[in-house]
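Given next are the chains, with one letter for each unit.
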Amino acid sequence: MTQEMATSAAAVVKTQLERSLEKRSLSDLVKARKQRSLLLVDISGSMGQPIRTGGRKVDALRKVVTALRETHPVPVASFGGGAEVTLVDTIPEPAGCTPLHKAIDFGTTKGATHLVVVTDGQPDSRSYAFDAATRFGGKIDCFYIGDGDDGGAEFCAELAQRTGGQANVTDIGDEAGQRSLTRGIIGLLPEAVL
Amino acid sequence: MALGSGPMLLQALATLEDALVAKADEGGVNQELERHFARYQKIKALALHPATGDNERKAALRQALCEAIRMVV
């Protein structure tokens, strides 16, 4: 092992120990370690819209996911587009609607216990999404890309509130916003994916 | 150049922590184990805190390892 690799491995171990330090009890630590997270990313047609620093929302999301997976190899599924819901290594081109209920059901089928949703719009059906969340039964954290006072943000807040998750409004229009989203997602992931 | 024993001891502590989680998951957590864990967390906090002096950090790390072994074995 090179000096650089050894230093990097030591830093990962130290981070793992520091994160477990945040747990108030052994029961909490066990619960956190058993968490199986799945990141659900919206690739509906609206993700093709441009952002102020150039490129499109989907391009910014790709940067976020790439940065995230360098340190946290969390599985990622996209919803919308041609294939509707599928596990992906590379975020596909945006297209179509926002079948969030199918994405949540996909998470249930795959055995996830925690979902992190990144979306820029309202789902195809709110009631279907809420029903899917009930079937899922775990925590759903949401990052809404857009204004904090529109219907999409309000939906995300309700979905998170119903499932015991957190709702966040995020701006991926510039690099600072993209880094902030990456950090926000990392903060929700279990120690086990380090 | 080697990193020294410090990082290896931290690695050992992380491995023991993994074993502790596995044991707790299999056998459940009782109050006594939670009490030991709370003590272990305090000692570990001292071992990891950047303001802790060298000698104190080494002593805390040794003690944390002993506490972790007691909980796991």
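Residues numbered from 1 in each chain as written. Chains lettered and ligands numbered in written order. Predicted model: local features only at pLDDT ≥ 70, side-chain atom pairs only at ≥ 80, totals over all residues.

### Quick word on the overall build of chain A
Of regular secondary structure, chain A possesses 7 helices and 6 strands. Going residue by residue from the N terminus, the α and β elements of chain A occur as α-α-β-α-β-β-α-β-α-β-α-β-α. Its C-alpha atoms give chain A a radius of gyration of 17 Å, near enough to 16 Å, the size a compact globule of 194 residues would have. Along the first, second and third principal axes, the C-alpha set of chain A runs to 45 × 40 × 30 Å. Counting over 194 residues, chain A shows a buried share of 39%. (Helix = DSSP H or I, 4+ residues; strand = E, 2+ residues; numbered from the N terminus. Rg over C-alpha atoms; globule rule 2.2 N^0.38 Å. Buried ≥ 20, exposed ≤ 12 C-beta atoms within 10 Å, placed from the backbone.)

### Considering the nonpolar core
Residue and element names in this part refer to chain A. Formed by 44 residues in total, the largest nonpolar core has its most connected members in Leu40, Val41, Leu61, Leu115 and Cys142. Take this core: its biggest share by element is 6 residues, from helix H3 (residues 57–71). With sequence-adjacent residues up to four places away left out, Val41 is seen in contact with Leu61, Val65, Val76, Ser78, Ile91 and Val118. (Core = buried A, V, L, I, M, F, W, Y, C linked by C-beta atoms within 7 Å. Contact = placed C-beta atoms within 7 Å.)

### Quick look at the packing of helix H2 (residues 26–34) of chain A against helix H1 (residues 5–27) of chain B
A pair of packed helices is captured by two measures, namely the crossing angle of their axes and the spacing between those axes. Their axes nearest at 10 Å, the elements H2 of chain A and H1 of chain B cross at an angle of 95°. The angle between the axes of H2 of chain A and H1 of chain B places the two elements in the roughly perpendicular class. Judged by residue contacts, Leu26, Leu29, Val30, Arg33 and Lys34 of chain A of H2 of chain A engage Val21, Ala24 and Asp25 of chain B from H1 of chain B. Its residues assigned to classes, the contact of H2 of chain A with H1 of chain B comprises 5 nonpolar, no polar and 3 charged. (Axes fitted to C-alpha atoms, helices over the stretch in contact; angles between N-to-C directions. Parallel < 35°, antiparallel > 145°, perpendicular 65-115°, else oblique. Nonpolar A, V, L, I, M, F, W, Y, C, P; charged D, E, K, R; others polar.)

### Some details on the environment of Thr170 of chain A
All names here are of chain A. On the secondary structure map, Thr170 appears in strand E6 (residues 167–170). With 20 C-beta atoms counted inside 10 Å, the residue Thr170 sits in the buried group. In this structure, the C-alpha to C-alpha distance between Thr170 and Gly55, residues 115 residues apart in sequence, is 17 Å. Setting aside residues no more than four positions away along its own chain, Thr170 makes contact with Phe143, Tyr144, Ile145, Gly177, Ser180, Leu181 and Gly184.

### As for the interface of chain B and chain A
Contacts between the two partners involve 19 residues from chain B, matched on the other side by 18 residues from chain A. Listed by contribution, the elements that provide at least two residues to the side of chain B that touches chain A are H1 and helix H2 (31–48) of chain B. Looking at the side of chain B that touches chain A, the element that brings in the most residues is H1 of chain B, giving 9 residues. Here the side of chain B that touches chain A is built from residues that sort into 13 nonpolar, 2 polar and 4 charged.

### Here we look at the confidence of the model for chain B
Residues and elements named next belong to chain B. For chain B, per-residue confidence averages 92 on the pLDDT scale, and 95% of positions sit at 70 or higher. Across chain B, element-level confidence peaks in H2 with a mean pLDDT of 96 and bottoms out in H1 with 92. Scoring of the predicted complex yields 0.72 for pTM and 0.89 for ipTM. (pLDDT = per-residue confidence, 0-100.)

### What about the sheet that holds strand E4 (residues 114–119) of chain A?
Residues and elements named next belong to chain A. An order of E3-E2-E1-E4-E5-E6 is seen for the 6 strands of this open sheet, with the pairing classed as mixed. Where the open sheet ends on each side, the last strands, each with one partner, are strand E3 (84–87) and E6. With direction set aside, neighbouring strand axes in the sheet form an average angle of 20°. Of the pairings in the sheet, the one linking E4 to strand E5 (residues 139–145) comprises 6 bridges and is parallel in character. Across the sheet, the residue bridging to Thr119 is Tyr144, located in E5. Helix H7 (residues 175–186) contacts strand E1 (37–42), E4, E5 and E6 of the sheet and is inclined by roughly 165° relative to E6. (Pairing = 2+ DSSP bridges.)

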